[in-house]
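# Coordinate inspection notes
One letter stands for each residue in the lines below.
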Amino acid sequence: MLVAAALCPCPPLLVPEVAAGAAPELDGLRAACLDAIGVLAAARPDRLVVVGPADRAGQGPHPQGAPGSFRGFGVDLDVSLGAAEEPPERELPPSLAVGAWLLSRADWDDAPVEGLGVAQPLPLERCLPLGRELAASAPRVALLVMGDGSACRTVKAPGYFDERAEGFDAAAAHALGTADLPALRALDATLAADLQASGRACWQVLTGAAEDTDLTGRLLRDEAPYGVGYFVATWS
């Protein structure tokens, strides 16, 4: 059963070594993410699953101890998804590596931790049963859900400017902050893809996991410093 969730953005820029001179610009976002993880710890889960968008190579389950790296972003920094006696060889996708980094900053040792890479185009009808399966995997399950909103808020954004982006992000932020399951189910996959919103499928996986619960949401952060929607929220 799902007992808590934390929703965080997944730009590698969250890692100060990657952001370098721009690191202070995201200090508030980092602090909010750590506060959200604190809510997960307070729920005393039996199992934590970090869910994040992934390409084909990173899709599927990643066991505890799975390694991640930010070397692809020019930084000699490695992370792991918790500790394991024999770490697996398959590397975490960037979103889960950011999640692993956040957990290391929070000194997470409250429950076993695993990862799940979700294909960004995964349709709603596959997201929901995947979430239900996660929720049924242990008596007390917590999810750390990684994902960004649109990448089209300004002309300097990665996806350039799209006038639909602000409305999409506003709807997503409200739904995440209020744990509004029908609104999250209603997020349009085609529009999300047009706007390069990497979190859509992961949020809908969470929606499946949260069915038959009475979790309430709280929005901790909603900003778009680089033309990309970043949200931090908790469900408890």
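Residues numbered from 1 in each chain as written. Predicted model: local features only at pLDDT ≥ 70, side-chain atom pairs only at ≥ 80, totals over all residues. Heavy atoms only, no water.

## So, the overall build of the chain
Our working definition: Numbering goes from the N terminus for both helices and strands, where a helix is a DSSP run of H or I of at least four residues and a strand is a run of E of at least two. Based on C-alpha atoms, the radius of gyration is set beside the globule rule, defined as 2.2 Å times the residue count to the power 0.38. Only protein chains enter the calculation, and the probe is 1.4 Å; a residue is then buried if its accessible area is under 20% of its type maximum, exposed if over 50%, and partly exposed in between. Whether two residues are in contact is decided by their heavy atoms, any of which lying within 4.5 Å being enough.
Along its length, the chain carries 8 helices and 9 strands. Taken over C-alpha atoms, the radius of gyration comes to 16 Å for the chain, in line with the 18 Å a tight globule of 236 residues would show. Within the chain, the proportion of its 236 residues that are buried is 53%. Within the chain, residue pairs in contact and separated by at least 24 positions form 75% of the contacts whose partners lie at least 6 positions apart.

## What about the packing of aromatic side chains?
Going by this rule: Planes of paired rings set the category: under 30 degrees apart is stacked, over 60 is edge-to-face and the rest tilted, where pairs are Phe, Tyr or Trp rings (Trp by its six-membered ring) whose centres lie within 6.5 Å.
Scanning all chains against the criterion turns up 2 aromatic pairs. Note on phenylalanine 70 and phenylalanine 73: the rings are 6.5 Å apart at their centroids and 45 degrees apart in plane angle, and the pair reads as tilted. We classify phenylalanine 70 as buried; its relative accessible area is 1%. A centroid spacing of 6.0 Å and a plane angle of 50 degrees characterise the contact between tryptophan 203 and phenylalanine 231, whose relative ring orientation is tilted. Taken together, the residues tryptophan 203 in helix α8 (residues 200–209) and phenylalanine 231 in strand β9 (residues 230–235) connect sequence positions 28 residues apart.

## A few points about α8
Counted residue by residue, α8 has 10 buried out of 10 residues, so it is predominantly covered. Buried within α8 are the following residues: Arg200, Ala201, Cys202, Trp203, Gln204, Val205, Leu206, Thr207, Gly208 and Ala209.

## Re the nonpolar core
Using the following cut-off: Throughout, nonpolar core names a set of buried Ala, Val, Leu, Ile, Met, Phe, Trp, Tyr and Cys residues whose side chains join them through atoms within 4.5 Å.
In terms of nonpolar packing, the biggest core is built from 42 residues, with Phe70, Leu103 and Leu144 touching the most fellow members. Within the residue set of this core, elements represented by two or more residues are β1 (2–8), α2 (27–42), β2 (47–54), α3 (94–105), β7 (141–146) and β9. With 7 residues, the top contributor of residues to this core is α3. For phenylalanine 70, the contacting residues outside a window of four places in its chain are Pro12, Val15, Val18, Val75, Leu77, Val79, Ala97, Val98 and Trp101. With 40 residues, the next largest nonpolar core counts Leu7, Leu116, Ala209 and Leu215 among its residues.

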